[in-house]
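The lines below spell out each chain.
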Amino acid sequence: NSYGNGSAMRVSPVAWWYDSLEKVKREAIRTAMPTHNHEEGIKGAVSVAHAVFDLLNRKDKDSLISIGNEYYPDFLHHEYEEGRFDETCQGVVPLCFYIVANSTGFEDAIRNAISLGGDSDTIAAITGSLAEAYYGIPEDLKETALSYLDERLLNITERFEDKYLSIASAATFPAPIAEITVAAPVTASPPANTPLRDVTPSSSATTHPRRFVSSAS
């Protein structure tokens with residue numbers, strides 16, 4: 001009955017693998033169920049898969065924002081706390097949507113994901129899956145990342161690319177399957193007496209104002 005963010009972190013290949021939104025949603029649910037069958041765990045996986053599939057085909061940030069609001073209403077106006085470790089889907093997935101919606105490129109998105117602190121590897125993994133679908137990965141960054149893989153992992157990556165990445169180009173957009181019924185989001189409260197402050201926005205151009213808060217003095 002977990003709603004940990006692992007279901008959202010690992011789901012993105014489903015969006016590349018299947019050729020319709022209906023199949024992507026169905027398989028995203030199946031990937032979550034063995035370990036993250038809480039409503040929020042399932043929603044986290046489905047929302048990320050839905051968004052990656054859409055970005056691969058539409059390349060439209062307005063559509064990303066619409067999808068984000070479908071699963072996490074008003075996510076653009078939430079204040080996200082810097083440095084706070086939150087392992088939940090409902091705490092991390094809307095943040096990743098927010099980062100990509102405000103990003104200017106793949107590297108910008110990843111840098112912002114990591115600089116926020118907290119559960120950085122998962123935030124960056126989910127952000128990266130969304131950002132790759134929209135921007136692609138700069139070739140130099142891709143080559144560097146692949147250079148760290150051993151032969152077995154590199155072979156898996158190459159086989160995946162050879163067999164499945166072309167599927168996305170033939171994807172279609174049927175009417176979505178019935179919406180998943182989810183419980184009200186479960187949110188963790190910040191530690192008592194934690195001071196919050198607004199963080200000065202980055203000077204880089206963004207679509208929406210950044211809304212990060214920090215407990216740093």
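Not measured: the values here are computed from a predicted model. (Residues numbered from 1 in each chain as written. Predicted model: local features only at pLDDT ≥ 70, side-chain atom pairs only at ≥ 80, totals over all residues. Heavy atoms only, no water.)

Quick look at the overall build of the chain now. Within the chain, the secondary structure is distributed over ten helices and three strands. Along the chain, helices (α) and strands (β) appear in the sequence α-α-α-α-α-β-α-α-α-α-α-β-β when read from the amino end. Taking all 217 residues of the chain together, the buried fraction comes to 42%. Within the chain, contacts between residues separated by at least 24 positions form 74% of all contacts whose residues are at least 6 apart in sequence. As displayed, the chain offers around 11,100 Å² of accessible surface, 53% of which is attributable to carbon and sulfur atoms. (Helix = DSSP H or I, 4+ residues; strand = E, 2+ residues; numbered from the N terminus. Buried < 20%, exposed > 50% of the residue type's maximum accessible area, 1.4 Å probe, protein only. Contact = heavy atoms within 4.5 Å. Areas by Shrake-Rupley, 256 points an atom, 1.4 Å probe, with all protein chains shown as cover.)

Moving on: helix α3 (residues 21-32). Compared with an ideal rise of 1.5 Å per residue, which puts twelve residues at 16 Å, α3 spans 17 Å between its outermost C-alpha atoms and is within 8% of the ideal. For α3, the set of buried residues is L21, V24, K25, E27, A28 and A32. On the buried face of α3, the contacting elements are α1 (6-9), α2 (12-17), α4 (39-58) and α5 (61-71). (Expected span 1.5 Å × (residues − 1).)

On to the environment of A109. Examined against the element boundaries, A109 turns out to sit in helix α7 (residues 106-115). In this structure the C-alpha to C-alpha distance between A109 and L130, which are 21 residues apart in sequence, comes to 9.4 Å. Among residues more than four places away in sequence, those in contact with A109 are I99, S103, T127 and A131.

Tracing the sequence through the fold places H50 in helix α4. Dropping the residues within four chain positions of it, H50 is found in contact with L21, V24, K25, I67, E70 and Y71.

Bringing the packing of aromatic side chains into the picture now. Enumeration according to the criterion identifies five aromatic pairs in this entry. On the basis of an interplanar angle of 50° and a centroid distance of 5.3 Å, the ring pair of Y80 and Y98 is categorised as tilted. With Y80 in strand β1 (residues 80-82) and Y98 in helix α6 (residues 89-101), this pair connects stretches of sequence that are 18 residues apart. (Phe/Tyr/Trp six-rings, centres within 6.5 Å; stacked < 30°, edge-to-face > 60°.)

Take the nonpolar core next. V52, F75, V93, I126 and L130 are the most contacted members of the largest nonpolar core, which has 48 residues in total. Elements that contribute at least two residues to this core include exactly α2, α3, α4, α5, α6, α7 and α8 (120-135). The contacts of L130, once residues within four sequence positions are left out, are V48, A51, V52, L55, C96, F97 and V100. (Core = buried A, V, L, I, M, F, W, Y, C linked by side-chain atoms within 4.5 Å.)

The subject of this paragraph is the layout of surface pockets. Size it by volume and the largest pocket reaches roughly 940 Å³. The wall of the largest pocket is formed by 23 residues, among which F106, G128, S129, E132 and I137 lie closest to the centre. Counting only elements with at least two residues in the lining of the largest pocket, the list comes to α2, α7, α8, α9 (139-147) and α10 (151-164). Among the elements that make up the lining of the largest pocket, the one with the highest residue count is α8 (five residues). Looking at the lining of the largest pocket residue by residue, the class counts come to 14 nonpolar, five polar and four charged. (1 Å grid on protein atoms, 1.4 Å probe; cavity = no way out; pocket = protein on both sides within 12 Å on 5 of 7 lines; lining within 4 Å. Points joined across faces, edges and corners; volume = space filled by probe spheres on them. Nonpolar A, V, L, I, M, F, W, Y, C, P; charged D, E, K, R; others polar.)

Before going further, it helps to spend a moment on the packing of α4 against α8. Contact geometry for α4 and α8: axes closest at 7 Å, N-to-C directions at 20°. By the angle between their directions, the pair α4 and α8 is classed as roughly parallel. As α4 runs across α8, the sense of the crossing is left-handed. Residues V48, A51, V52, L55 and L56 of α4 form the contact with α8, whose participating residues are I126, S129, L130, A133 and Y134. (Axes fitted to C-alpha atoms, helices over the stretch in contact; angles between N-to-C directions. Parallel < 35°, antiparallel > 145°, perpendicular 65-115°, else oblique. Left-handed = near helix turned anticlockwise from the far one by under 90°.)

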